[in-house]
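Survey of secondary and tertiary structure
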Amino acid sequence: MAVEKHIIGGSDGWLNVRREPEGALIALPEYLLVEYEATHVGRDYFKVLEGVEKGNRFTVKEGNLKHGRPVYRPAANLKFDLSAETLTYPGGTIRAITSSSKPTPVGTHPIQIADFPHGSNPAYGSHSRYYKTWFYLGKGRAIAFNNDRYLHTGMVSDGCVTVDPSSWTDLYRYLILCRRNDATNIGTITVVR
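Please read these numbers as outputs of a predicted model, since none were measured by experiment.

1. Topic: the overall build of the protein chain
Scanning the protein chain from N- to C-terminus turns up 1 helix and 15 strands. For 193 residues, the compact-globule estimate of 2.2 N^0.38 gives 16 Å, and the protein chain sits close to it at 17 Å. With the C-alpha coordinates of the protein chain rotated into their principal frame, the extents come out at 55 × 30 × 30 Å. Counting all 193 residues of the protein chain, 47% fall into the buried class. Carbon and sulfur atoms provide 50% of the accessible area of the protein chain, an area that totals close to 9600 Å².

2. Here's the deal with the environment of G125
If you trace the backbone, G125 turns up in the loop between β11 (107-112) and β12 (135-136). Separated by 113 residues in sequence, G125 and D12 place their C-alpha atoms 9.3 Å apart.

3. Here we look at the sheet that holds strand β4 (residues 33-40)
The 7 strands are arranged β3-β2-β6-β5-β4-β1-β7 in an open sheet whose pairing can be described as antiparallel. Strands with a single pairing partner mark the edges of an open sheet, and in this sheet they are β3 (25-29) and β7 (65-67). The average angle at which neighbouring strand axes cross in this sheet is 50 degrees, direction not considered. Across 5 bridges, the pairing between strand β2 (residues 14-19) and β3 is antiparallel. Along β3, the bridge assignment pairs N16 with A27.

4. Notes on the pattern of salt bridges
What the rule picks out here adds up to 7 salt bridges. When the shortest N-O distance is used, the salt bridge between R69 and E4 registers 2.8 Å. With R69 in the loop between β7 and β8 (76-81) and E4 in strand β1 (residues 3-7), the pair connects residues that are 65 residues apart, well separated along the chain. Notably, a salt bridge pairs R57 with E37, separated by 2.9 Å at the nearest N-O pair. Pair noted here: R57 is in strand β6 (residues 57-61) and E37 is in strand β4, with a separation of 20 residues, a long-range link. On the accessibility criterion, R57 (40% relative accessible area) is partly exposed. With relative accessibility at 34%, the residue E37 sits in the partly exposed group.

Rules and cut-offs
- Residues numbered from 1 in each chain as written.
- Predicted model: local features only at pLDDT ≥ 70, side-chain atom pairs only at ≥ 80, totals over all residues.
- Heavy atoms only, no water.
- Helix = DSSP H or I, 4+ residues; strand = E, 2+ residues; numbered from the N terminus.
- Rg over C-alpha atoms; globule rule 2.2 N^0.38 Å.
- Buried < 20%, exposed > 50% of the residue type's maximum accessible area, 1.4 Å probe, protein only.
- Areas by Shrake-Rupley, 256 points an atom, 1.4 Å probe, with all protein chains shown as cover.
- Pairing = 2+ DSSP bridges.
- Axes fitted to C-alpha atoms, helices over the stretch in contact; angles between N-to-C directions.
- Salt bridge = Lys/Arg side-chain N within 4 Å of Asp/Glu carboxyl O.

Listed below in structure tokens is the structure:
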């Protein structure tokens, strides 16, 4: 019988685990749903049930998985107004920007479950300990250096939806528990002019 558990993230929302069988170190986001398989010599063995690592097996030191499915929220429906430079979500309206030379395209885009910790300016860590968590705005997997767009925190944008660092923790805490029930997405963002 399958036993559902979920990831307990570290102080930054990520947990380092080892991929089986090769042992590569991978970080998984908190609240990610997994299927617990066994405990052996102080390590829990499990399979990821959602996100970019879906279907892959991992091991982690015992005690880093919490029993049961998290209490997920319904799918997020965000609105990013390019001209007003605002992002609206159930927690309120916050400041957000995009690049003026290559803005996030107008339209509705899926928001995926966080994929991996992103290299970001460590100065943003003074505003939010979750500054390394970015949410991919697209289908499939993001491809580095392919003009892929994300929703993340920062003060400068290269075409992503970039949220004011002082507002990131509240938005992160909302988004990390949203699910669209497709094992990939947490919701959508609609970009308007």
